[in-house]
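Chain residues, written in single-letter form:
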Amino acid sequence: MYQDKIPQNVSNRNAHEIDFQIFGEEMQYVEVELDPQEGVVAESGSFMMMNDGLKMSTILGDGSNQEKGLLGKIFSAGKRILTGESLFMTVFHNEGQGKKKISFASPYPGKIIPIDLDSFGGKFVCQKDAFLCAAK
């Protein structure tokens, strides 16, 4: 079992700080613990289970340009279509009191590898279907 907390000590960080644990060997899943008002963005079809009090919504694209209006959303969605990914992503947000847990799993056997994008200059290129979930 792997347990970690993605640190939020970088001044330009735009993501929430989330706690998570990775369970399993060949068919792994990740359990994310969300504090109140925290959120996680996940690939469509990766959701496994969640506690009561979490709100689920669908967004167009990857969520990176949601504040830039319709054009930003369309550009973000277009990038995902070009790479063969789904047009939509799902956001899970803790709107309740106290901590809530949510789990995600890949439909394929393999290892879940936590990546802090700040360690890679904010970008990381990987193969199609490699993304599972991320802090909002």
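Computed from a prediction, not measured in an experiment: that's the story for all the values here.

Brief notes about the overall build of the chain
Assigned secondary structure in the chain consists of one helix and nine strands. In the chain, buried positions account for 31% of the 136 residues. In the chain, once contacts between residues fewer than 6 apart in sequence are set aside, the share between residues at least 24 apart is 67%. As presented, the chain carries roughly 8,500 Å² of accessible surface, and 55% of it is formed by carbon and sulfur atoms.

Observations regarding the sheet that holds strand β7 (residues 88-94)
Strand order across the open sheet formed by four strands is β6-β7-β4-β9, with antiparallel pairing between neighbours. If you trace the sheet from one side to the other, it starts and ends with β6 (54-60) and β9 (133-135), each paired once. Strand after strand, the sheet turns through a mean of 25° between neighbouring axes, direction not considered. Direction of pairing for β6 relative to β7: antiparallel, over a ladder of seven bridges. The partner of isoleucine 59 across the bridge, within β7, is methionine 89.

Things to note about the packing of aromatic side chains
Taken as a whole and judged by the stated rule, the model has four aromatic pairs. Plain terms: the ring middles of phenylalanine 47 and phenylalanine 92 are 5.3 Å apart, the flat faces sit at 20° to each other, and that makes the pair stacked. Of this pair, phenylalanine 47 sits in strand β5 (residues 47-50) while phenylalanine 92 sits in strand β7, and the two are 45 residues apart along the sequence. Note on phenylalanine 92: relative accessible area 1%, which makes it buried. Ring geometry for phenylalanine 120 and phenylalanine 124: centres 4.9 Å apart, planes at 70°, overall edge-to-face. Classification of phenylalanine 120 as partly exposed rests on a relative accessible area of 46%. Counting every residue linked through ring pairs, the aromatic cluster contains Phe47, Phe92 and Phe104.

Side note on the pattern of salt bridges
Inspection of every chain in the model, using the stated rule, returns four salt bridges. Glutamate 33 serves as the salt-bridge partner of lysine 99, at 3.5 Å between the closest nitrogen and oxygen. A residue pair is termed long-range when its members are at least 10 positions apart, and lysine 99 in the loop between β7 and β8 (100-105) and glutamate 33 in strand β3 (residues 29-34) qualify at 66 residues. In this structure lysine 99 comes out as partly exposed when scored by relative accessible area, which is 48%. One network of salt bridges, in which partners are shared, links Glu33, Asp35 and Lys99.

Focus: the confidence of the model for the chain
Scored by pLDDT, the chain has a mean of 80; 68% of the residues are at 70 or more. Overall, residues 6-12 carries pLDDT values under 50, and its contacts beyond four positions in sequence, including any with other chains, amount to 13 contacts.

Re a nonpolar patch on the surface
Together, Ile113, Ile115, Leu117, Phe120 and Phe124 give the surface a local cluster of nonpolar side chains, amounting to about 480 Å² of exposed area. We classify isoleucine 115 as partly exposed; its relative accessible area is 35%.

Rules of the game
- Residues numbered from 1 in each chain as written.
- Predicted model: local features only at pLDDT ≥ 70, side-chain atom pairs only at ≥ 80, totals over all residues.
- Heavy atoms only, no water.
- Helix = DSSP H or I, 4+ residues; strand = E, 2+ residues; numbered from the N terminus.
- Buried < 20%, exposed > 50% of the residue type's maximum accessible area, 1.4 Å probe, protein only.
- Contact = heavy atoms within 4.5 Å.
- Areas by Shrake-Rupley, 256 points an atom, 1.4 Å probe, with all protein chains shown as cover.
- Pairing = 2+ DSSP bridges.
- Axes fitted to C-alpha atoms, helices over the stretch in contact; angles between N-to-C directions.
- Phe/Tyr/Trp six-rings, centres within 6.5 Å; stacked < 30°, edge-to-face > 60°.
- Salt bridge = Lys/Arg side-chain N within 4 Å of Asp/Glu carboxyl O.
- pLDDT = per-residue confidence, 0-100.
- Patch = residues over 30% accessible without salt bridge, like charges linked within 9 Å, V, L, I, M, F, W, Y side chains within 5 Å.

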